Amino acid sequence: MIQLEHISKRFSGVARPAVDQLSLTVEKGKISVFVGPSGCGKTTILRMINRLVEPDEGTIFIDGKNILQMNPPLLRRTIGYVIQQVGLLPHRTIGQNISLVPELLGWPREKTARKVRELLEMTGLPPEEFESKYPYQLSGGQAQRVGVARALAADPPIMLMDEPFAAVDPIIRMHLQDEFLRVQQHIRKTICFVTHDISEAIKIGDHLVILNEGRLVQSGTPIEILTHPSNDFVSSLIGDDRGSKILDLIRCEGLMDPQAPLVDFPKDNGSRVQAVWPVKAALERMMKNNTDEVMVCREDQPAGILSWNGIKAHINRISGEKQ
Ligand SMILES: Nc1ncnc2c1ncn2[C@@H]1O[C@H](COP(=O)(O)OP(=O)(O)OP(=O)(O)O)[C@@H](O)[C@H]1O
Ligand SMILES: [Mg+2]
């Protein structure tokens, strides 16, 4: 767990503090996403967690220990850092770039080599093609993936990721986000993830921290923030399609009626949805099939009925809560 208590940082010659009295907790094994406009202090926060920048005021604790009392190089070995501009060493191959920290830690050569190949596979860069390439031979998105692989190389419990997918086109980005979430299910790292894309934040965050001008504006789970934006700044960050984002986030199993009678339900796939699908996908299926009810299935077994009325009641509840 990472705790920031009343952290402030002012850079010399800049009138406004980059970070202003910030207090927050990053839960162990969860993805906390820092989101906010350019210049709101996101990178500075990450750099204070691994002591590349020292706060003027306040204290940061990792697992209850004040990081100012820890040796910075030792601290950084427990924290993987994916920097915003990737920063690969130009004269080293991709494989050598990824193995920098394991080498520093004196891992046996075979263990390092295995890890490099495993990470290249995981980030969608086939080792036989990419391991011996040089950074200048990569696209921006590929270089970012190498940055992620490099940060994961020494298996640190904490990861700081500064806009790791920013240079990737939307389709690849979606794929990388899915892959990242799948991997996180297994590795359960404590992750501080920076983005200024609210959709990305909602999709991958267990917890969101919304920042503006160095200050915390709101924090909570994606659904808490979508259903209860605390002010106009948060509402405008979310955008006009709040309802659609909510329906993207709630799974069919969350709104289905498990007690509804399943008799007489057509057997065709057109009226079936999977429990883990977003409600939005069920709505699309209803419209396509001109029906107002679909059967929700879990591992091919019927689990309940999702109805248009059920969805509408939920939307009414949410909008009622907002007023
Ligand atoms: N080394 C520095 N010296 C002076 N000012 C700095 C320094 N680093 C950051 N700042 C200033 O602190 C503020 C916060 O910067 P920071 O890089 O943390 O923002 P950010 O939220 O990461 O922005 P972006 O989304 O553009 O990456 C900005 O006003 C920036 O100009
Ligand atoms: Mg930044």
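Cut-off values and rules
- Residues numbered from 1 in each chain as written.
- Chains lettered and ligands numbered in written order.
- Predicted model: local features only at pLDDT ≥ 70, side-chain atom pairs only at ≥ 80, totals over all residues.
- Heavy atoms only, no water.
- Domains from an automatic or database assignment.
- Contact = heavy atoms within 4.5 Å.
- Buried area = accessible area lost by both parts, 1.4 Å probe.
- Salt bridge = Lys/Arg side-chain N within 4 Å of Asp/Glu carboxyl O.
- Polar contact = N/O pair within 3.5 Å; in protein donor to acceptor, adjacent residues only side chain to side chain.
- Helix = DSSP H or I, 4+ residues; strand = E, 2+ residues; numbered from the N terminus.
- 1 Å grid on protein atoms, 1.4 Å probe; cavity = no way out; pocket = protein on both sides within 12 Å on 5 of 7 lines; lining within 4 Å.
- Points joined across faces, edges and corners; volume = space filled by probe spheres on them.
- Nonpolar A, V, L, I, M, F, W, Y, C, P; charged D, E, K, R; others polar.

Visitor: Talk me through the domain arrangement of the chain; I want residue IDs and the actual numbers.
Guide: Domain annotation for the chain reports domain 1 (2–246) and domain 2 (250–322). Each partner contributes to the interface: domain 1 provides seven residues, whereas domain 2 provides five residues. Between domain 1 and domain 2, a total of about 570 Å² is buried, with carbon and sulfur atoms accounting for 57% of that surface. When the area that domain 1 buries against domain 2 is broken down by residue, the three leading residues are Thr227, His228 and Ile246, summing to 57%. For the interface between domain 1 and domain 2, the tally reads zero salt bridges. At the junction of domain 1 with domain 2, the criterion picks out two residue pairs in polar contact (both at pLDDT 80 or more). When contributions to the side of domain 1 that touches domain 2 are tallied by element, the ones reaching two or more residues are helix H10 (222–227) and helix H12 (242–249).

Visitor: If you had to explain the layout of surface pockets to someone new, which residues and values would you point to?
Guide: Of the volumes computed, that of the largest pocket is approximately 990 Å³. Contributing to the lining of the largest pocket are 33 residues, with Leu181, Ile202, Lys203, Ile204 and Leu249 lying nearest its centre. Examining the composition of the lining of the largest pocket, we find that eight residues originate from one element, helix H8 (residues 170–187), more than from any other. Taken together, domain 1 (2–246) and domain 2 (250–322) each give at least three residues to the lining of the largest pocket, which thus spans both. Computed from the structure, the second largest pocket encloses a volume of approximately 530 Å³. If you trace the second largest pocket, you find 18 residues lining it, with Arg76, Arg77, Ile79, Tyr81 and Val101 closest to the centre. Among the elements of the structure, helix H2 (72–77), strand S6 (79–82), helix H4 (100–104) and helix H7 (140–152) are those that each provide at least two residues to the lining of the second largest pocket. Of the residues in the lining of the second largest pocket, the class split is 13 nonpolar, two polar and three charged.

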